[in-house]
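Descriptive structure summary
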Amino acid sequence: MTTPPPLTDRIALLRNRARAAAFGPALFLHEDAAAEIEERLNEVNRRFTAPAVVTGFAGPWAKILPQAKIVPDDELLDLAPGAHDLVIHALALHWANDPVGQLVQCRRALAPDGLMLAVMFGGQTLAELRSVLADAEARLTGGLSPRVLPMGEIRDLGGLLQRAGFALPVADMAARPVSYRDLGQLMADLRAMGEANALAARRRTPTPRALFAKAGQLYGEAFGDGMGRITASFEMIYLTGWAPHESQQKPLRPGSATHSLAAVLAAIPTRKD
């Protein structure tokens, strides 16, 4: 069996993050996600004593979990088996060459009945940018090149939890539209997020200025807000799973029902007008 080529150029990704950190990162989406994760943890009736956070930017996550072990999202995670009761994979899973492998490592790092929470960008993230860049490049050159990272859809990402061996898996989504002055400001923000193009198959030659000029025009025409600004969509997908434990609820065994659906429906009173 041949190994598929990597999606992400890890060296380029780390370089992009280092540049973002050096010039002042724009981590408002990390801060939003951290606040949401903190709220979800508050709803869990449990005190976590050995948390770990997998992330490319530690700052916002260290604020909500100052006692957590901060782990970079390397392909081999620095997590000891069974050492943690909580693992958070924080806005890095979308860059993983092996997302299932990352989740499996998180599960192995959990003690029985430990909790894993992951937040990542989903498939509708930067849909507008993807569209206008492709349209502009096709018009100017007659071809296409990889410029925006392909991201998973929620229906597929939920299945990753089951493949990784988590119990009680849940996937949900929150849309986060962000308003920008123009395409230039959006691109600058993506660089400041460490989310610039790090695709392994990206073009290595400079992009012509005419392409971004055309893309900016198309963006305003198709996705302008009528007040001279444009909107960029960020889809935040949250994945929740538990390390299996005998105390957890189990699905009923097929064929174990004691009443038929027909009998239940027959017992429901019928309204008579």
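These numbers were taken from a predicted model, which means no experiment stands behind them.

1. Considering the overall build of the protein chain
Scanning the protein chain from N- to C-terminus turns up 9 helices and 6 strands. Residue burial in the protein chain is summarised as follows: out of 273 residues, 44% are buried. A separation threshold of at least 6 residues defines the contact pool for the protein chain, and within that pool the share at least 24 residues apart is 82%. Working note: accessible area of the protein chain is about 15,000 Å², and carbon and sulfur atoms make up 56% of it.

2. Brief notes about the sheet that holds strand β5 (residues 167-180)
Reading across from one edge, β2-β1-β3-β4-β6-β5 is the order of the 6 strands in this open sheet, with mixed pairing throughout. Each having just a single partner strand, β2 (69-71) and β5 make up the two edges of the open sheet. Neighbour-to-neighbour, the strand axes of this sheet turn through a mean angle of 15 degrees, independent of strand direction. Strand direction decides the pairing type here: strand β1 (residues 51-55) and β2, joined by 3 bridges, are parallel. Considered in β2, the bridge of Val-53 is made with Ile-70. Running at roughly 35 degrees to strand β6 (residues 230-242), helix α2 (residues 28-43) makes contact with β1, β3 (84-90), β4 (110-121), β5 and β6 of the sheet.

3. Observations regarding the layout of surface pockets
Empty space among the atoms can be located by rolling a probe the size of a water molecule over them. Put simply, the largest pocket is a space of about 880 Å³. Looking at the largest pocket, it is lined by 37 residues, and the ones nearest its centre are Asn-16, Met-187, Arg-191, Ala-196 and Asn-197. Residues belonging to the lining of the largest pocket are distributed by class as follows: 21 nonpolar, 8 polar and 8 charged. Of the voids in this model, the second largest pocket is the one considered here, and its volume is about 300 Å³. Together, 15 residues line the second largest pocket, and Leu-7, His-94, Ala-96, Asn-97 and Pro-99 are the ones closest to its centre. Across the lining of the second largest pocket, the residue classes break down as 12 nonpolar, 3 polar and no charged.

4. Considerations on the packing of helix α5 (residues 127-141) against helix α8 (residues 209-223)
Where α5 contacts α8, the two axes come as close as 8 Å, and the packing angle between them is 130 degrees. Taken together, the axis directions place α5 and α8 in an arrangement best described as oblique. Seen from above, α5 lies across α8 with right-handed handedness. Listed contacts from α8 to Glu-128, Leu-129, Ser-131, Val-132, Leu-133, Asp-135, Ala-136, Glu-137, Arg-139 and Leu-140 of α5 are Ala-210, Leu-211, Phe-212, Lys-214, Ala-215, Leu-218, Tyr-219 and Phe-223. For the contact of α5 with α8, the per-class residue count stands at 12 nonpolar, 1 polar and 5 charged.

5. Focus on the nonpolar core
Leu-41, Trp-61, Ile-88, Leu-129, Tyr-180, Leu-186 and Phe-234 are the most contacted members of the largest nonpolar core, which has 52 residues in total. Residues Val-71, Ala-96, Leu-103 and Met-116 belong to the second largest nonpolar core, which totals 25 residues.

6. Digging into the packing of aromatic side chains
All chains considered together, the criterion is met by 2 aromatic pairs. Plain terms: the ring middles of Phe-121 and Phe-234 are 5.9 Å apart, the flat faces sit at 50 degrees to each other, and that makes the pair tilted. Remark: Phe-234 occurs in strand β6 and Phe-121 occurs in strand β4; sequence separation between them is 113 residues. Grouping residues by exposure puts Phe-121 and Phe-234 together as buried.

7. Here's the deal with the environment of Tyr-180
If you trace the backbone, Tyr-180 turns up in strand β5. Looking at Tyr-180, the relative accessible area reads 3%, which means it is buried. Residues Tyr-180 and Asp-225, 45 residues apart in the sequence, show an inter-C-alpha distance of 9.9 Å. Excluding anything up to four places from it in sequence, Tyr-180 contacts Phe-28, Gln-185, Leu-186, Asp-189, Met-193, Arg-229, Ile-230, Ala-232 and Phe-234. A polar contact of 2.6 Å, which involves the side chain of Tyr-180, links it to the side chain of Asp-189.

8. Focus on the environment of Arg-191
Its place among the elements puts Arg-191 in helix α7 (residues 183-192). According to the relative accessible area criterion, Arg-191 is partly exposed, its value standing at 48%. Each C-alpha atom of the pair Arg-191 and Phe-23 lies 9.8 Å from the other, and the pair is 168 residues apart in sequence. Residues contacting Arg-191, with those up to four places away along its chain left out, are Asn-16, Ala-20 and Ala-196.

9. As for empty space enclosed by the protein
Scanning the model with the defined rule gives 2 cavities of 30 Å³ or more in all. The calculated volume of the largest cavity comes to roughly 40 Å³. In terms of lining, the largest cavity is formed by Leu-13, Arg-17, His-30, Gly-56, Phe-57, Leu-91, Trp-95, Met-193, Gly-194 and Glu-195. Split into classes, the residues belonging to the lining of the largest cavity amount to 5 nonpolar, 3 polar and 2 charged. Counted as a void, the second largest cavity has a volume near 30 Å³. Lining the second largest cavity are Ala-26, Leu-27, Leu-29, His-30, Phe-121, Met-193 and Glu-195.

Rules of the game
- Residues numbered from 1 in each chain as written.
- Predicted model: local features only at pLDDT ≥ 70, side-chain atom pairs only at ≥ 80, totals over all residues.
- Heavy atoms only, no water.
- Helix = DSSP H or I, 4+ residues; strand = E, 2+ residues; numbered from the N terminus.
- Buried < 20%, exposed > 50% of the residue type's maximum accessible area, 1.4 Å probe, protein only.
- Contact = heavy atoms within 4.5 Å.
- Areas by Shrake-Rupley, 256 points an atom, 1.4 Å probe, with all protein chains shown as cover.
- Pairing = 2+ DSSP bridges.
- Axes fitted to C-alpha atoms, helices over the stretch in contact; angles between N-to-C directions.
- 1 Å grid on protein atoms, 1.4 Å probe; cavity = no way out; pocket = protein on both sides within 12 Å on 5 of 7 lines; lining within 4 Å.
- Points joined across faces, edges and corners; volume = space filled by probe spheres on them.
- Nonpolar A, V, L, I, M, F, W, Y, C, P; charged D, E, K, R; others polar.
- Parallel < 35°, antiparallel > 145°, perpendicular 65-115°, else oblique.
- Left-handed = near helix turned anticlockwise from the far one by under 90°.
- Core = buried A, V, L, I, M, F, W, Y, C linked by side-chain atoms within 4.5 Å.
- Phe/Tyr/Trp six-rings, centres within 6.5 Å; stacked < 30°, edge-to-face > 60°.
- Polar contact = N/O pair within 3.5 Å; in protein donor to acceptor, adjacent residues only side chain to side chain.

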